[in-house]
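Observations on the three-dimensional arrangement
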Amino acid sequence: LRQAKPTAVVPSSSTEEQGMGTQQSKPSNKIGKNVVRQKLEIASKTGVLSLCEHNLVALPEQLLEMKNIRTLDLSKNKIKRLPNQVSTLTSMKSLKLDSNKLTKGSLQPISKLSNLTMLSLGENKLGIDTDKDGRKIAGQALPSLPSSLKLLKLDLNHFQNIPATVYARNLINLEKLDLSKNNLASVPVALFNNLKSLVELNLDNNSIVSLPGEIENLKKLKSLSLEQNKIAVYSSSGRKSTVTKFSEQNPQPLPAVLFTATPIIDLNLKGNAMTNTQLNEFEGFDTFLERRQKLKSKNIYGGAMTDLKVCGLD
C-alpha cells in the first residue's frame, strides 16, 4: 500500500490577522488597519477623509482629534452611535453616514457642528421605535440640526412621520431635502411654512395621497419628486375616477398653488394612479407648462422638454 502524504500544518495566524478579537474602531484585518492609518495621516493635512466600507463599528480615536476635518465620509460601515467628541469637530462641512446602524438618540453631537452644510444619513434605522427584542429605543430620531445645513438626506430610514427637527424654523438655509423610501402618508404643513429656502424636495416611494395648499410658501421650489406614491384622482364617492372633477369635498390632490405660486419646473409623478390627461386638467397646470416653455425658449436647463412626459405619467 502507498503511504498517504502527511498533511501540511499551517501555523495559526494571530487574532488580529484573522480579523477576530474585540471590537475596534478600525477594520479587523491587518491590511485594512494600515489603509486607515495612512488615510488618517493624509486627512490630518488635507481635512478630507473617506473611510467608506471599512467595517468600522466606531470612529478612530485619531479622527476625533482632527479639528481641521472638513469633509468626512463614513458610509457603509457598522457605526451605531457618534461619540460626544464629534461635537468638537466644528470645521466639518460635509458628513456622510449612509448605510450604518444608527438609531434614535445616536446623533446628538451633530447639533454642535455649526458649519455643517451637507448631512447624509440614508439607509439607517432612525425611524424605528423598538429594538430587536421589542424594547423601546430612547431618544430623538434626530437632534436639533445646525442652521448652516443646506442639504439633508434621510432616505430609507423607516420614518412613518417626519421628525420635527427636519422642518424646524432655524433651518433657514436648507435647499435640498431627501425623504424618499420611507413610510410617510403625509407631509406636515409646518415643513412648507418653515423651509423657505427649499429648492429640491424628494418624496419618492412613500404613501402620500396629497399635498396641502401651504406648499405655496416654498417660493424657491424648482424640483418636486413624488414617484411611486398614492396620488390619484377620486370621484365624490371616494372611488378612483377617470373623470377629473374637484370640489371642496373632493379637492385636487396637488393644489393649484403648487403650479402658480412656486417656480417649480421639474415635477415627477411616475408610478401614481393617474394619467397625463387627468393632470392636464388640474387647475394651474397650464401655468406650469407655460413656465417650462419659456425656459426652453431661453435654453435654460438644456432646453428641457415641456410636454407632459416630464411628469412621468402615461
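Here's a quick rundown of the structure. Because the structure is predicted, anything quoted here is derived from the model rather than measured.

Quick notes on the rules
- Residues numbered from 1 in each chain as written.
- Predicted model: local features only at pLDDT ≥ 70, side-chain atom pairs only at ≥ 80, totals over all residues.
- Heavy atoms only, no water.
- Helix = DSSP H or I, 4+ residues; strand = E, 2+ residues; numbered from the N terminus.
- Buried < 20%, exposed > 50% of the residue type's maximum accessible area, 1.4 Å probe, protein only.
- Contact = heavy atoms within 4.5 Å.
- Areas by Shrake-Rupley, 256 points an atom, 1.4 Å probe, with all protein chains shown as cover.
- Pairing = 2+ DSSP bridges.
- Axes fitted to C-alpha atoms, helices over the stretch in contact; angles between N-to-C directions.
- Phe/Tyr/Trp six-rings, centres within 6.5 Å; stacked < 30°, edge-to-face > 60°.
- 1 Å grid on protein atoms, 1.4 Å probe; cavity = no way out; pocket = protein on both sides within 12 Å on 5 of 7 lines; lining within 4 Å.
- Points joined across faces, edges and corners; volume = space filled by probe spheres on them.
- Nonpolar A, V, L, I, M, F, W, Y, C, P; charged D, E, K, R; others polar.

On a plain count of helices and strands, the protein chain comes out with six helices and nine strands. In the protein chain, which comprises 314 residues, the share counted as buried stands at 42%. When contacts within the protein chain are restricted to residue pairs at least 6 apart in sequence, long-range pairs at least 24 apart make up 53% of them. Carbon together with sulfur atoms contributes 49% to the accessible area of the protein chain, which is approximately 17,000 Å² in total.

Spatially, β1-β2-β3-β4-β5-β6-β7-β8-β9 is the arrangement adopted by the nine strands of the open sheet, whose pairing is parallel. Edge strands, defined here as strands with exactly one partner in the open sheet, are β1 (48-50) and β9 (266-268). Across the sheet, the mean angle separating the axes of adjacent strands is 5 degrees when strand polarity is ignored. In the sheet, strand β3 (residues 94-96) pairs with strand β4 (residues 118-120) via three bridges, with the strands oriented parallel. Note on β4: the bridge partner recorded for L95 is L119.

Let us now look at the packing of aromatic side chains. All told, the structure shown has four aromatic pairs when counted by the stated rule. Pairing F246 with F282 gives two aromatic rings, centres 5.3 Å apart and planes at 90 degrees, and the pair type is edge-to-face. On the criterion of sequence distance, the pair formed by F246 in the loop between β8 (223-225) and α4 (256-260) and F282 in the loop between α5 (276-280) and α6 (285-297) is long-range, its members being 36 residues apart. Exposure remark for F246: the relative accessible area of 26% places this residue in the partly exposed category. Residue class for F282 comes out buried when judged on its relative accessible area of 3%. Between F259 and F285, the ring centres sit 5.3 Å apart and the planes meet at 90 degrees, which makes this aromatic pair edge-to-face. Pair noted here: F259 is in helix α4 and F285 is in helix α6, with a separation of 26 residues, a long-range link. Here the aromatic cluster, defined as three or more aromatic residues joined through ring pairs, consists of F259, F285 and F288.

Within this model, the largest pocket holds a volume of roughly 400 Å³. Together, 14 residues line the largest pocket, and K101, T103, K125, D131 and I137 are the ones closest to its centre. The residue inventory of the lining of the largest pocket, partitioned by class, reads three nonpolar, two polar and nine charged.

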